[in-house]
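Here is what each chain is made of, one letter per residue.
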Amino acid sequence: MRSASVCHAVDVKPELRGPKFDISEGVHCDGCHGPAEKWLEPHAEKGWTHEQSVKLGMYDTKSFLLRAEKCVSCHLQIDAEMVAAGHPDLLAFELDTFSATMPPHWRDKGTWAGTKSWATGQVISLREAAKQLGDRASGNASAALLTDALGKVQGHGAVVVVLLGVAAPDAQKSVQADLAALADAVGKGDKAKAAATAKNLQATMNAQAAKVAARDFDEASTKKLLGDLVASGDAIGGTGVRGAEQGAMALDRLYSAYSKAPGKQSVKAAGDALDRMFATIEDPKKYDAKKFATEAKAFGDAIK
């Protein structure tokens, strides 16, 4: 697990800290973009390009793949023990949602950038969730921590299966098999099987990450993803509140991209259905999979 100082501040080695270094400043530019000594001042000059900054060491968060790698490394590593100690529960991380709520330094180019951001984020998130589950299964993790890790895998896995149906059908069945095997292994306390299966799932997602990040999404693929997610409402909701969270955010972000495309517009009934869908996951203790599936269907009816 990453230490809190790594996620909440730029924890530079003491021998590399300058006279103005103050770890209490928390997360700043360097936290996401790397050491800024060589590019921070020049990048504000007229005519300076992003490419010049990258050459001088800036971490390129305009790349969806690199952005996913950076963001997931913090947000998906928040442990059950940290939550119990009072840390906010951010297990429902989704790259495009979080990118949209961060102070924007730039606009992602392309009508369907949101679709690519969501897709890339999900593949990386499932990879890292599988790694965490595998690491715990290989170690001396408690049953509660294994179950917690499995919940992350199932949440991201539920929507990744839908994504692969559009972006990589050849990988879809193997991922479905691994997800089922992991649930079975964790349920039976078979740590060896869980570790081996998680490693396989991690490798599959690692192989798919660059392919998905390089794929061009369009109106047809975005609309199909929306339709397939709606059609999978029962299955996604049935995995539990983590899957429902990912399903709701997926529909929200994909619909945002779709409705903002040239010639399109948002439909009030769809927005209302999304609001009701998010309401079903506000309190995990009161989560009702049937209500989630009902609102997913209502959303699908609204966008037909």
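The rules behind the values
Residues numbered from 1 in each chain as written. Predicted model: local features only at pLDDT ≥ 70, side-chain atom pairs only at ≥ 80, totals over all residues. Heavy atoms only, no water. Helix = DSSP H or I, 4+ residues; strand = E, 2+ residues; numbered from the N terminus. Buried < 20%, exposed > 50% of the residue type's maximum accessible area, 1.4 Å probe, protein only. Contact = heavy atoms within 4.5 Å. Areas by Shrake-Rupley, 256 points an atom, 1.4 Å probe, with all protein chains shown as cover. Core = buried A, V, L, I, M, F, W, Y, C linked by side-chain atoms within 4.5 Å. Phe/Tyr/Trp six-rings, centres within 6.5 Å; stacked < 30°, edge-to-face > 60°. Lys NZ or Arg CZ within 6 Å of the ring centre and 35° of its normal. Salt bridge = Lys/Arg side-chain N within 4 Å of Asp/Glu carboxyl O. Expected span 1.5 Å × (residues − 1).

## Re the overall build of the chain
Looking only at helices and strands, one finds 15 helices and 0 strands in the chain. Residue burial in the chain is summarised as follows: out of 304 residues, 45% are buried. Once local pairs closer than 6 in sequence are excluded, the contacts in the chain between residues at least 24 apart make up 67%. Carbon and sulfur atoms make up 55% of the accessible area of the chain, which amounts to about 15600 Å² in all.

## Some points on the nonpolar core
Of all hydrophobic cores here, the largest spans 68 residues; its most connected members are Leu201 and Phe299. Among the elements that make up this core, the one with the highest residue count is helix H8 (residues 143-167) (13 residues). Beyond its immediate stretch of four places on either side in the chain, phenylalanine 299 contacts Leu226, Val230, Leu251, Tyr255, Ala270, Ala273, Leu274 and Met277.

## Overview of the packing of aromatic side chains
What the rule picks out here adds up to 2 aromatic pairs. Both rings, one in tryptophan 112 and one in tyrosine 258, keep their centres 6.4 Å apart while their planes meet at 40 degrees; by these two values the pair is tilted. Of this pair, tryptophan 112 sits in the loop between helix H6 (95-101) and helix H7 (113-138) while tyrosine 258 sits in helix H13 (residues 241-259), placing them 146 residues apart in sequence. Where tyrosine 255 meets phenylalanine 299, the ring centres are 5.4 Å apart and the plane angle is 85 degrees; that geometry is what we call edge-to-face. With a gap of 44 residues between them, tyrosine 255 in helix H13 and phenylalanine 299 in helix H15 (residues 289-302) connect regions that are remote in the sequence. In terms of burial, tyrosine 255 and phenylalanine 299 fall into one category: buried. Looking at arginine 215, its charged tip hangs above the ring of phenylalanine 217, at a distance of 4.8 Å from the centre.

## With respect to the pattern of salt bridges
For the coordinates displayed, the defined rule picks out 13 salt bridges. One salt bridge connects lysine 224 with aspartate 228, and the closest N-O pair in it is separated by 3.2 Å. Of the two residues, lysine 224 and aspartate 228 are both situated in helix H11 (residues 219-231); the distance of 4 residues between them amounts to about one turn of the helix. Look at lysine 224 and you get partly exposed, because its relative accessible area is 42%. Owing to a relative accessible area of 23%, aspartate 228 belongs among the partly exposed residues under this scheme. A salt bridge links arginine 253 to aspartate 252, with the nearest nitrogen and oxygen atoms 3.8 Å apart.

## Let's talk about helix H9 (residues 169-188)
The terminal C-alpha atoms of H9, which comprises 20 residues, lie 30 Å apart, in line with the 28 Å expected from a rise of 1.5 Å per residue. Those residues of H9 lying buried are Ala171, Val175, Asp178, Leu179, Ala181, Leu182, Ala185 and Val186. As for H9, its buried residues are in contact with H7, H8 and helix H10 (191-214).

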